[in-house]
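Architecture and fold: a report
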Amino acid sequence: MFQDHYGLHDDPFALGPNLRFLFRSNAHAETMAHLGFGLEQGEDIVMISGAIGTGKTLALQNLQAKVSRLFRQVLVNVTKVDFPGFIKLVLHELEVGWPERADVADLLVLLKDAALRCHADGRKILLVVDEAQNLNTETLEGIRLLTNIGQPDKQVFQIILAGQLALED
């Protein structure tokens, strides 16, 4: 209705985030500065949290557009999974297959190999986890341990956790 009236080509009020309608508020600028600083400083894990509808996903999309040449990006936004399921989601995004009967160790070896290949190409993996408040404790701890993949002088993963306020707990 309003699209015809105002001559709009897209729905600016759609439920999904759209960078074309990004309003660069002070809160958005602060979030972007926090994310950018964390990545530039090589922080293993950067977290943002906020209430539903405060622009976390839009901020992540904006960041991903800005760092696409620096990182091999992996987005996981289905987070009600156990740790092996989470690793499979990451491997799928990296286009890495796994044997049918692979256990967690097998999956982690495949992930480490993929991360080291990315590093050899001059890029890190940026693992972005949206809706991270849904992660169970075991999966969250497993994600934290992913920062140990690689060698002390070769950080191959940086992780962004984004979620609702429950993530802070």
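Look up a bit, the structure's there.
Residues numbered from 1 in each chain as written. Predicted model: local features only at pLDDT ≥ 70, side-chain atom pairs only at ≥ 80, totals over all residues. Heavy atoms only, no water.

**Remarks on the pairing of strand 1 (residues 45-49)**
Successive side chains on a regular strand alternate, one facing one side of the sheet and the next facing the other. Of the two faces of strand 1, only the one carrying Val46 and Ile48 is buried; Ile45, Met47 and Ser49 on the other face are not. Pairing geometry for strand 1 and strand 6 (residues 157-163), over five bridges, is parallel. For Met47, the partnering residue across the bridge sits in strand 6 and is Leu161. (Buried < 20%, exposed > 50% of the residue type's maximum accessible area, 1.4 Å probe, protein only. Helix = DSSP H or I, 4+ residues; strand = E, 2+ residues; numbered from the N terminus. Pairing = 2+ DSSP bridges.)

**Looking at the environment of Glu95**
Along the chain, Glu95 falls in the loop between helix 4 (83-93) and helix 5 (104-120). C-alpha separation for the pair Glu95 and Ala114, spaced 19 residues apart in sequence, amounts to 9.4 Å.

**Thoughts on the sheet that holds strand 1**
Strand order in this open sheet of four strands is 1-6-3-2, and the pairing throughout is parallel. Since the sheet does not close on itself, it has two edges, and those belong to strand 1 and strand 2 (71-76), each with one partner. Each strand of the sheet is rotated relative to its neighbour by a mean of 15 degrees, with strand direction disregarded. Here strand 3 (residues 124-130) runs beside strand 6; their pairing, made up of six bridges, is parallel. Within strand 6, the position partnered with Leu127 by the bridge is Ile159. (Axes fitted to C-alpha atoms, helices over the stretch in contact; angles between N-to-C directions.)

**A word on the pattern of salt bridges**
Per the counting criterion, the structure on display carries one salt bridge. Here Arg144 makes a salt bridge to Glu141, at a shortest N to O gap of 2.6 Å. Here Arg144 pairs with Glu141, and both are found in helix 6 (residues 137-145), just three residues apart, close to one helical turn. Accessibility expressed as a relative area gives 40% for Arg144, which makes it partly exposed. Judged by relative accessible area, Glu141 falls into the partly exposed class, the value being 36%. (Salt bridge = Lys/Arg side-chain N within 4 Å of Asp/Glu carboxyl O.)

**Quick look at the side chain of Thr79**
Structurally, Thr79 can be placed in the loop between strand 2 and helix 4. The buried category is assigned to Thr79, whose relative accessible area is 3%. At a separation of 3.5 Å, a polar atom in the side chain of Thr79 contacts the side chain of Asn134. Once you skip the residues sitting within four places of it in the chain, Thr79 turns out to touch Val129, Asp130, Glu131, Ala132, Asn134 and Leu135. (Polar contact = N/O pair within 3.5 Å; in protein donor to acceptor, adjacent residues only side chain to side chain. Contact = heavy atoms within 4.5 Å.)

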